[in-house]
Every structure is written in C-alpha cells, then in structure tokens.
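Overview (structure and organization)
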Amino acid sequence: MPTAAPFERHTERYDQWFEDHRDAYRSELAALRRLVPEGGRGLAVGVGTGRFAAPLDIGVGLDPARAPLERARERGVEVTRGVAEHLPFGDDAFDTVLVVTTVCFVDDIPRMLAEADRVLAASGRLVVGYVDRESPLGRVYQEHKDENPFYREATFVTTDELRDELAAAGFKDTAFVQTIYRPLGEIDGHEPVEEGYGDGSFVAVRARR
C-alpha cells in the first residue's frame, strides 16, 4: 500500500507548497486544462487536498491518507479513502480519471491503469500529470529525495516508460503537453504550455480506452 503517513503528518506543509509556488501551480493547472474533457463525471486518483480536482471540476476524489481528504472535501470534492490499485467503484462509472503527481507513489502502475480502464466509460479519458524523472526538476527531486518526507519513498518515471505502460494497458490516442521550464525558485509568472514532452519538467498525457 502507498505510504500515506507523510501526507497524514504534513498535510499543511503539502498544501502550502501550492501557495509558495503559485505560478508553477497555475502553470500545471493550465497544462491539465488542455487535456481534461469538460463535463461528465470525473474521478481524481490520489486527490490529496483537492488542489487539482476542485478547479478542474473533478467531482470525486480518492486517496489513502485521511487528513488531505478533509481538505479536499472542504474544496467541494466528494471523497473516498482507498488506493489506485483497488478502486472502490463500479465498472464504467466515470467519464474522466485524473491522476496528478500520484504515479510516483503507486505500488503497481499496470494494476492502477487496469483499474482506471475498468472504471472508465467506453468513451472515457485518462489524464495523468507528473514530473518526468529525466527533467531538470525530476533530477533535483531525486537528488534530494531523502530530505523530503513526501518524495523519500517515491519512484519517478520517465515519459517513455509511462507511454509504454499506457500502451501495454491498452490505452491509445495519447496526447502530451508540458510546462515548467525554469527552476521553481526562478518562476515568476505563467510558464508556457507546449505540446509534446522533453523540455518541460511537468508533463501531462491524455489517453483513451
């Protein structure tokens, strides 16, 4: 099971990151808005405190940590405690499954993707946002992961690795966007959102069943 303890103990620190790095956060949201379909019923896997689900109108959120779920509920998200590999929802229940900054904490990516496929409707879309392991920010996070209570247990992935996992799980028609080109401390204003990957540290991909 994913390590939920750091998020239980340091919920305030986690949530404060989005205030301390507001321009980076807004840039990530802008990238995700390019890919998240409008309307329909959405599920955020690894919803955390709801910082992405709420502004993207994703109405349901799941997370293994209780304390962040309370913040997500305050932001208007209907919350459920659970893990990505065993979603407590019926088949074909959602039009969108959103997974942001969560893949690095998942124990079994193929199982997570299989569950996302199961709960998505026939025309549903999966949207995954993450920090690419080979990007500048990804390398910084890895170099200092032992100093960070959240990333200590994380296993970052590359975009090529995730693309292969999506293909193996049967997802297709992938579309990528990217943002966050400067170090977090140097970001002052909106970072551009561009198609593709390989330059930006934050990457988002949309795929269909």
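What you see is a predicted model; the values in this text were computed from it and never measured.

Each value, and the rule that gives it
Residues numbered from 1 in each chain as written. Predicted model: local features only at pLDDT ≥ 70, side-chain atom pairs only at ≥ 80, totals over all residues. Heavy atoms only, no water. Helix = DSSP H or I, 4+ residues; strand = E, 2+ residues; numbered from the N terminus. Buried < 20%, exposed > 50% of the residue type's maximum accessible area, 1.4 Å probe, protein only. Pairing = 2+ DSSP bridges. Right-handed = clockwise from strand over helix to strand, strands pointing away. Polar contact = N/O pair within 3.5 Å; in protein donor to acceptor, adjacent residues only side chain to side chain. Contact = heavy atoms within 4.5 Å. Phe/Tyr/Trp six-rings, centres within 6.5 Å; stacked < 30°, edge-to-face > 60°.

Bringing unusual backbone geometry into the picture now. Residues other than glycine seldom take positive phi values, yet Thr101 does so here, at roughly 45°. Note on placement: Thr101 falls in the loop between strand S4 (94–100) and helix H5 (109–119). On the basis of relative accessibility, which here comes to 25%, the residue Thr101 falls in the partly exposed class. You will see that Ile180, though not glycine, has its phi angle at about 65°, which is positive. Mapped onto the elements, Ile180 comes out in the loop between strand S6 (172–179) and strand S7 (194–195). By relative accessible area, which is 0% here, Ile180 ends up buried.

A word on the pairing of strand S5 (residues 120–131). Taken residue by residue, a regular strand's side chains alternate between the two faces of the sheet. Taken across its 12 residues, S5 has nine buried, putting it largely inside the fold. Strand direction decides the pairing type here: S4 and S5, joined by six bridges, are parallel. Across the sheet, Leu98 pairs through a bridge with Val127, a residue of S5. One crossover worth recording links S4 to the parallel S5 by way of H5, and it is right-handed. Pairing of S5 with strand S8 (residues 202–208), which is carried by seven bridges, proceeds in the antiparallel orientation. What sits directly across from Val131, in S8, is Phe202.

What follows deals with the side chain of Glu191. Here Glu191 shows up in the loop between S6 and S7. In terms of polar contacts, Glu191 uses its side chain to reach the side chain of Arg182, at 2.8 Å. Setting aside chain neighbours within four positions, we find Glu191 in contact with Ser27, Thr179, Ile180, Tyr181 and Arg182.

Next up on the list: the packing of aromatic side chains. What the rule picks out here adds up to 13 aromatic pairs. Here the aromatic rings of Tyr141 and Tyr151 are separated by 4.6 Å at their centres, their planes lie at 25°, and the arrangement is stacked. Taken together, the residues Tyr141 in helix H6 (residues 136–143) and Tyr151 in the loop between H6 and helix H7 (159–168) connect sequence positions 10 residues apart. When its relative accessible area of 13% is taken as the criterion, Tyr141 is described as buried. For the ring pair Tyr151 and Phe156, a centre distance of 5.3 Å and an interplane angle of 45° mean the geometry is tilted.

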